[in-house]
Amino acid sequence: MGFPKLIINETKFKTNVKVAIDICKEHNITVLAVTKGFCGNKRMARLYYEAGIRHFGDSRLENFEIFNGFQNIHKQLLRIPMISEIPEVVKICDSSLNGDINVIEKISEYCLVKKLKPHEIVLMVDLGDRREGILPEEALVTAQKIAKLKGVKLIGLGCNFGCYGARIPSNEAMAKFVKIQHEIENELNIKLTHMSGGNSLSLHMVWENRMPKEINFLRMGFAMIFGTEDMYRKTIKGMFRDAFVCEAEVVEVDYKSSLPIGACGIDAFGHKPYFKDIGTIKRVICAIGKLDTMFDAMIPYDKDLKILGGSSDHLIINANDSKINYKSGDIIKFDLDWGSLLYLFNSKYVKKEFIK
């Protein structure tokens, strides 16, 4: 099977990773590579390692097996552990992000019963994005509770921006974050060695010299994958935007009305669609569907093409304005974003091709 195909340019990707490492290294920040977007792809893990990454984070325990055989690495579970998976978490991961004291207590209990070394905890603090994490005013009390547990070790704090509430990191938020660190360190007489100041969305604060010196880790995926920083969505100097490209084959070209005919019900995914009547259009259908990718995050290289939508197996495009006379068997290339890349890697129906 040749198509649909996800093409990974190894040289461009490794260049992106190295540039990110260099940017952060100048500010004494370690890059923790977020690998969940690659859905357990062994080659992608190897590329990160070859580029210099030694700290890895994933949200699915099953994906950590791709690091077997890697030397001198740190593995961090990014999603709050389920109580039901604690035995696997402490076996597989060196540390985990946590936001619920009840879960942390269960981790401690398990480690004590099994006589394991204390599991390392990064306590997440919610600075406004409203995903995981305790509220700032609860941080000190929670840290005091963790310090009393023998089966876990509090190594640092973490925060997150953009992923749920689309909040942007700010000087005020990071100042509050560091203040919490100092309060905990002074009260408990400990040193927090793992201060995780967010994800790719925080990168602009690094090169703008606004990131507090206490921050020594960033959990980064998007910026290294797409060579783009979340804040400005512009290509970072020295990086490549096109390290990942999707190719799909055209299976039908025809002229049809833009407006479906007949009474409107719901589509295959339970939604009632809306169509604007713009007359007869040239419709191109590609053999790739919602089973494989997220249409909203697919950007045709041919800027005159407009994605209309599709179904489980077909992507439908308006080619009215294109200067290219597409026909069945032609290949259309797509630039990607986070959602489409995630789906493409997760689809067993999409071929993954690595090129130099």
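Calculation criteria
Residues numbered from 1 in each chain as written. Predicted model: local features only at pLDDT ≥ 70, side-chain atom pairs only at ≥ 80, totals over all residues. Heavy atoms only, no water. Core = buried A, V, L, I, M, F, W, Y, C linked by side-chain atoms within 4.5 Å. Buried < 20%, exposed > 50% of the residue type's maximum accessible area, 1.4 Å probe, protein only. Helix = DSSP H or I, 4+ residues; strand = E, 2+ residues; numbered from the N terminus. UniProt positions renumbered as here; feature names shortened; annotations may be inferred. Salt bridge = Lys/Arg side-chain N within 4 Å of Asp/Glu carboxyl O. Polar contact = N/O pair within 3.5 Å; in protein donor to acceptor, adjacent residues only side chain to side chain. Axes fitted to C-alpha atoms, helices over the stretch in contact; angles between N-to-C directions. Parallel < 35°, antiparallel > 145°, perpendicular 65-115°, else oblique. Left-handed = near helix turned anticlockwise from the far one by under 90°. Contact = heavy atoms within 4.5 Å. Nonpolar A, V, L, I, M, F, W, Y, C, P; charged D, E, K, R; others polar.

J.: So what exactly am I meant to see when it comes to the nonpolar core here?
T.: A general tendency of soluble globular proteins is for nonpolar side chains to be buried together. Grouped together as the largest cluster of nonpolar side chains are 95 residues, with contacts concentrated most on Phe 13, Tyr 48 and Phe 244. Here the element with the most residues in this core is helix H1 (residues 10–25); it accounts for seven residues. In this structure, Leu 78, Leu 97, Ile 155 and Phe 217 belong to the second largest nonpolar core, which totals eight residues.

J.: So what exactly am I meant to see when it comes to the UniProt feature "domain: Alanine racemase N-terminal" (unreviewed entry) in the protein here?
T.: Look at the UniProt record and you will see "domain: Alanine racemase N-terminal" (unreviewed entry) annotated at residues 8–226. Annotated as 37% helix and 18% strand, the span residues 8–226 places its first and last C-alpha atoms 11 Å apart.

J.: Mind showing me how you'd approach the pattern of salt bridges here?
T.: Any two side chains of opposite charge can pair, so long as their charged atoms come close to each other. All told, the structure shown has 17 salt bridges when counted by the stated rule. Among the ionic pairs, Asp 335 bridges to Arg 241, the shortest N-O distance being 3.5 Å. In this pair, Asp 335 is assigned in strand E15 (residues 331–336) and Arg 241 in the loop between helix H8 (222–226) and strand E10 (244–257), connecting sequence segments 94 residues apart. The buried category is assigned to Asp 335, whose relative accessible area is 15%. When its relative accessible area of 23% is taken as the criterion, Arg 241 is described as partly exposed.

J.: What exactly am I supposed to notice about unusual backbone geometry here?
T.: One can expect most non-glycine residues to show negative phi and most peptide bonds to be in trans. Of the consecutive residues Phe 3 and Pro 4, the connecting peptide bond is found in the cis state with omega at -5°. Along the chain, the position of Pro 4 falls in the segment before strand E1 (5–9). Positive phi, normally seen in glycine, also occurs at Lys 115, with a value near 55°. The residue Lys 115 is located in the loop between helix H4 (101–113) and strand E6 (119–124) in this model.

J.: How should helix H2 (residues 42–50) be read in this particular structure?
T.: Since the α-helix turns once every 3.6 residues, residues separated by three or four places project in the same direction. The complete set of buried residues in H2 reads Met 44, Ala 45, Leu 47, Tyr 48 and Tyr 49. With a side-chain oxygen lying 3.1 Å from the backbone nitrogen of Arg 43, the N-terminal cap of H2 falls on Asn 41. Phi turns positive one or two residues past the end of H2, at Gly 52, with a value near 115°.

J.: Help me understand the packing of H1 against H2 in this model?
T.: Each pair of packed helices can be described by the angle between their axes along with the distance between the axes. H2 packs onto H1 with a crossing angle of 50° between their chain directions and a minimal axis gap of 9 Å. Overall, the two elements H1 and H2 adopt an arrangement that is oblique. Between H1 and H2 lies a crossing of right-handed hand. Here H1 contributes Glu 10, Phe 13, Lys 14 and Val 17 to the contact with H2, which in turn contributes Arg 43, Met 44, Leu 47, Tyr 48 and Glu 50. Of the residues that constitute the contact of H1 with H2, the class distribution is five nonpolar, no polar and four charged.

J.: I keep staring at the side chain of His 74 and nothing clicks. Help me out?
T.: Note that His 74 resides in strand E4 (residues 74–77). By relative accessible area, which is 14% here, His 74 ends up buried. The residues contacting His 74, other than those within four sequence positions of it, are Arg 54, His 55, Phe 56, Asp 94, Ser 95 and Glu 120.

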